[in-house]
Every structure is written in C-alpha cells, then in structure tokens.
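Coordinate analysis (summary)
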Amino acid sequence: MSMSVAQPSALIHIAAALLIGPDGRTLLVRKRGTQAFMQPGGKIEADEKPVSALARELEEELGLLIDSAHATFLGQFSAPAANEPGFVVQAELFLLSIDAEVTPAAEIEEVIWIDPASDGGVVLAPLTRDLILPFYRASLTAIA
C-alpha cells in the first residue's frame, strides 16, 4: 500500500507557544538528540483541548505554570516536521507573555531566548523559521 503525505497518519497535531519575555525576546527549545530549535509545546492527546495540551507540555518541559486564560490563539500553522521525516506538523499556536524562570526538563535539552527579528544564529525547525517567526515579525510591524 502506498502512503501519500496527505494520509492523516503523517500529521502530527501539536499545541505550540510563542512565548514572549519581558524584553520582547522569544523562547525556543531543543529536544535531546536533535539540532533544531522550535517553539515549546507538544502533541495534543485525543481528548485534550489544544490550550490544555499546551499548559501540560509547558509544565512538563519547562516547569512553567500558565493560566490558559492568558493564552491568545494565533491560528493554525503547518510545516514539515523537523525531526520526523515525511511528517507534517500542524500546530495550534498560542501567544503567551511570561515573566518567569524556565528550566529544561523531560526531553528538552536546551532553551534559548532569541530576538524574534533574527534567527538567533541557531538551526531552527521549519515551522519556527518559515512560519511562526515571520508571522510574529509581521504582527509587530503591523502594530508599530
């Protein structure tokens, strides 16, 4: 049986956060054994609301407790998965302003804060590089 990319099984449905710190920088994470930095977040379980999945993942991966009422839904973004060849990541993206310490936990090896107007000089996941950061930059320009 041939598998086309359009098969639902090739879709990874995640909730992701555009976390903005007090200085306007954004937080990216890198999973253990991988190279690309990406938005924090993770897979949405079958019976979960995206914002609930996001809150759970942020707590598991960063020790970050969020009030989901403060998460602003920005939209749905899809891009090739950074670490699973042949898969597409479909992200429900939420904007969150945080002023809290974060600590890498679970499968997160490294966290960095970057200026969203740049690539931070690191390897970025396609979703972050091609969609989320450009989207955020455009929104900043629109406000300014």
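About the cut-offs
Residues numbered from 1 in each chain as written. Predicted model: local features only at pLDDT ≥ 70, side-chain atom pairs only at ≥ 80, totals over all residues. Heavy atoms only, no water. Helix = DSSP H or I, 4+ residues; strand = E, 2+ residues; numbered from the N terminus. Expected span 1.5 Å × (residues − 1). Contact = heavy atoms within 4.5 Å. Core = buried A, V, L, I, M, F, W, Y, C linked by side-chain atoms within 4.5 Å. Buried < 20%, exposed > 50% of the residue type's maximum accessible area, 1.4 Å probe, protein only. Polar contact = N/O pair within 3.5 Å; in protein donor to acceptor, adjacent residues only side chain to side chain. Phe/Tyr/Trp six-rings, centres within 6.5 Å; stacked < 30°, edge-to-face > 60°.

In the nomenclature of an unreviewed UniProt entry, the chain is known as NUDIX domain-containing protein of Pseudomonas neuropathica.

Given a rise of 1.5 Å per residue, 13 residues ought to cover 18 Å, and the 17 Å separating the end C-alpha atoms of helix H1 (residues 50–62) matches this to within 8%. Elements in contact with the buried residues of H1: strand E1 (11–20), strand E2 (26–31), strand E3 (41–43), strand E5 (88–97) and strand E6 (108–114). Directly after H1, the chain includes Gly63, whose backbone phi takes a positive value near 65°.

If you look at the biggest cluster of nonpolar residues, it comprises 21 residues, and the most contacted ones within it are Leu19, Leu54, Leu58, Leu62, Leu64 and Leu96. Among the elements of the structure, E1, E2, H1 and E5 are those that each provide at least two residues to this core. Considering each element in turn, this core owes the most residues, five residues, to H1. Setting aside anything within four residues of it in sequence, one finds Leu54 in contact with Ala15, Ala16, Ala17, Pro40, Gly41, Phe94 and Leu96. Counting residues in hydrophobic clusters, the runner-up holds 14 residues, among them Ala16, Ala79, Ala81 and Tyr136.

With that out of the way, let us pick up the side chain of Thr128. Relative to the elements of secondary structure, Thr128 occurs in helix H2 (residues 126–143). The exposure class of Thr128 is buried, given its relative accessible area of 1%. In this structure the side chain of Thr128 is engaged in a polar contact, spanning 2.9 Å, whose partner is the side chain of Gln39. Apart from the residues lying within four places of it in its own chain, the contact partners of Thr128 are Leu28, Phe37, Met38, Gln39, Leu133 and Pro134.

Let's shift gears to the packing of aromatic side chains. Each aromatic ring pair is described using two quantities: the centre-to-centre distance and the angle formed by the ring planes. Per the counting criterion, the structure on display carries two aromatic pairs. Each ring, one from Phe73 and one from Phe94, has its centre 5.3 Å from the other, and the planes form 55°; the classification is tilted. Linking Phe73 in strand E4 (residues 72–80) with Phe94 in strand E5, this pair joins segments that are 21 residues apart in sequence. On the accessibility criterion, Phe73 (46% relative accessible area) is partly exposed. On the accessibility criterion, Phe94 (7% relative accessible area) is buried.

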